[in-house]
Amino acid sequence: MQQASGRDDAHADRCGVRTVRAGNTRMVQASQRTVEEGGGSCVSSFCPGEMAGIKALISLSFGGAIGLMFLMLGCALPVYDKYWPLFLLFFYILSPIPYCISRRVVDDTDSASNACKELAIFLTTGIVISAFGLPIVFARAEVIAWGACALVLTGNVVIFGTILGFFLVFGSNDDFSWQQW
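It should be emphasised that the depicted structure is a prediction, and the values quoted were computed from it without experimental measurement. Per-chain numbering applies: the sequence of each chain, read as written, is numbered from 1 onward. With pLDDT at 70 or above as the cut-off, local features in this predicted model cover only qualifying residues; side-chain atom pairs require 80 or more to be listed or tallied, and sums for whole chains, interfaces and linings still use all residues. To get the side-chain values, take all heavy atoms of the structure and skip hydrogens and water.

(A) Up close: the overall build of the protein chain. Helix and strand counts for the protein chain stand at six helices and four strands. Written out in order from the N terminus, the α and β elements of the protein chain read β-α-β-β-β-α-α-α-α-α. Within the protein chain, the proportion of its 181 residues that are buried is 31%. Residue burial considers only the protein chains on display, and all accessible areas are found by Shrake-Rupley using a 1.4 Å probe. Accessible area for the protein chain stands at about 11,300 Å²; split by element, carbon and sulfur atoms hold 64% of it. A run of DSSP states H or I qualifies as a helix once it reaches four residues; a run of E qualifies as a strand once it reaches two. Both are numbered from the N-terminal end. Exposed residues in this analysis have more than 50% of their type's maximum accessible area, buried residues have under 20%, and partly exposed residues fall in between, with area computed by a 1.4 Å probe over protein chains only.

(B) Representation of the nonpolar core. One finds Leu-71, Leu-88, Tyr-92, Ala-131, Val-152, Ile-159, Phe-160, Ile-163 and Phe-167 forming the largest nonpolar core, which totals nine residues. Elements that contribute at least two residues to this core include exactly α3 (88–94) and α6 (146–170). For this core, the element with the most residues is α6, which contributes five residues. In this view, Ala-131 contacts Leu-88, Phe-91, Asn-156 and Phe-160; residues no more than four positions away in its chain are not counted. Remark: nonpolar core denotes a set of buried residues (Ala, Val, Leu, Ile, Met, Phe, Trp, Tyr, Cys) joined through side-chain atoms within 4.5 Å. Membership of the second largest hydrophobic core comes to five residues, among which are Phe-138, Ala-139, Ile-144 and Ala-148. Here, residues are in contact when the closest pair of their heavy atoms is within 4.5 Å.

(C) The arrangement of a nonpolar patch on the surface in detail. A patch is a set of surface residues, each over 30% in relative accessible area and not in a salt bridge, joined within 9 Å for like charges and within 5 Å for the nonpolar side chains Val, Leu, Ile, Met, Phe, Trp and Tyr. Basic side-chain nitrogens of Lys or Arg form a salt bridge, by our definition, when they fall within 4 Å of a carboxyl oxygen of Asp or Glu. A cluster of nonpolar residues, Trp-84, Phe-87, Phe-90, Ile-93, Leu-94, Ile-97, Ile-101 and Val-105, forms a patch on the protein surface that exposes about 810 Å² of accessible area. Within the secondary structure layout, Ile-93 lies in helix α3. Residue Ile-93 is classed as exposed on the basis of its relative accessible area of 56%.

(D) Quick peek at the UniProt feature "transmembrane region" (unreviewed entry) in the protein chain. UniProt positions are given in the numbering used here, feature names are shortened, and annotations may be inferred rather than shown by experiment. Here, UniProt's "transmembrane region" (unreviewed entry) annotation points to residues 56–80, 86–106, 118–138 and 144–170. A distance of 36 Å separates the end C-alpha atoms of residues 144–170, which is 93% helix and 0% strand.

See below:
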């Protein structure tokens, strides 16, 4: 059997998958198992790491949709019918920005903490706390009902959990880093 070349080698380097050809049959060896496929010169697109990234991305988008659903329910249900909590969308957009900026500016090779990273964490914490405080202030001022406040706070937990999950899954400097986007 001979090793396939060209695009196969790049795929093997990226995914840890080795494709070999024997006559008219090619064998894809990955993760301690071999899969045989007949005919054709098509390169296998099987990559265990890519599938994990896709599953994580789908899970995170589902979490974001659930969180936005709770926010919209707190606004649009006929019982509540006030759209003031939609101002929280600004907090959802602003919360990852300090961290993203500090990741671009700071060199992570230094093991000690630095001022830029600490400032980013401080600003992100302030934005997240404000996002939880705004619906409570609205409810105390009787701008929105307490039931709407509960729905909005539930949406906050889900959305900020989704944002945190995004940075945990895609935040490292590997093949599936968000910085490549």
